[in-house]
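# Per-entry structural report
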Amino acid sequence: TAFNATTSPGTELMNDDRRAAQIRTLRLQVASLKREGRAARKRAGQDSLRTRTAEFRRASAALAQSGERFRQMAENIREVFWLANVALNRILYVSPAFEAIWGQPCERLYANPKLWFLAIHPDDRAKVGEAFIKNRDKGEKHFEAEYRIIRPDLSIRWIRDRGWVVRNKAGK
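What this report covers is the structure whose coordinates are included nearby. (Residues numbered from 1 in each chain as written. Predicted model: local features only at pLDDT ≥ 70, side-chain atom pairs only at ≥ 80, totals over all residues. Heavy atoms only, no water.)

## A few points about the pattern of salt bridges
Our working definition: In the sections that follow, a salt bridge refers to a side-chain nitrogen of Lys or Arg positioned within 4 Å of a carboxyl oxygen of Asp or Glu. Helix and strand assignments come from DSSP, with helices taken as H or I runs of at least 4 residues and strands as E runs of at least 2, each series counted from the N terminus. Buried residues are those whose accessible area, probed at 1.4 Å on protein chains only, stays under 20% of the maximum for their type, while exposed residues exceed 50% and partly exposed ones sit between those limits.
Tallied over the entire structure, the rule returns three salt bridges. In this structure, Glu144 and Arg160 form a salt bridge, with 2.6 Å as the shortest nitrogen-oxygen distance. Of this pair, Glu144 sits in strand E3 (residues 143-150) while Arg160 sits in strand E4 (residues 156-163), and the two are 16 residues apart along the sequence. Take Arg160: its relative accessible area is 52%, and that puts it in the exposed class. Asp153 serves as the salt-bridge partner of Arg151, at 3.7 Å between the closest nitrogen and oxygen. Relative accessible area serves as the criterion here: at 12%, Arg151 is assigned to the buried category.

The structure is reproduced here in structure tokens:
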């Protein structure tokens, strides 16, 4: 067997072993870096989650406080305050003053959204219906009408009704 003058027997084998050891070392370092990266991403994710959770809690508390202020206002004014969908076939909210003025439980209005309209004196219904349609369908800024209602005890109350259609960004 001929030997190269610059290498001794087994040097190539040692170089192969050294290269293999270096590759193993590099692989271990890469694996370690990957673990560190995953751990850093996990910590960052946990920090982000903590931040989002804290923001959510603050927003929830502010919403609850705002809802409580709205409830206090709506329950203590003497006027009826109500929200309905545009078709007026679903009541979203009606204040307790409805019971005192219309003489009917709020639950009945929720169950039958047309109840408020059916209580309008027959001589005033057409006028009120036209005003609502004009406001809703023709883009009027606000609605205003005076009309009479007939309560279940047959007493009559005069109502001054004012309202606005609140539209979303699409105009609906």
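## Some thoughts on the packing of aromatic side chains
We count it as follows: Between the rings of Phe, Tyr and Trp (Trp by its six-membered ring), a pair exists once the centres lie within 6.5 Å; its type follows the angle of the planes, with under 30 degrees stacked, over 60 edge-to-face, and the other angles tilted.
Under the defined criterion, the tally for this structure stands at seven aromatic pairs. With a centroid separation of 4.9 Å and 45 degrees between ring planes, the pair formed by Trp116 and Phe132 is classed as tilted. Remark: Phe132 occurs in helix H5 (residues 122-137) and Trp116 occurs in helix H4 (residues 115-118); sequence separation between them is 16 residues. Taking the relative accessible area as the measure of exposure, Phe132 reaches 13% and is therefore buried. Measuring from ring centre to ring centre gives 4.0 Å for Phe132 and Phe143, while their planes differ by 45 degrees; the resulting arrangement is tilted. Within this pair, whereas Phe132 is found in helix H5, its partner Phe143 is found in strand E3, the two being separated by eleven residues in sequence. Three or more aromatic residues link up through ring pairs in this structure, and these residues are Trp82, Trp116, Phe117, Phe132 and Phe143.

These results come straight from atomic positions and should not be treated as a statement about function.
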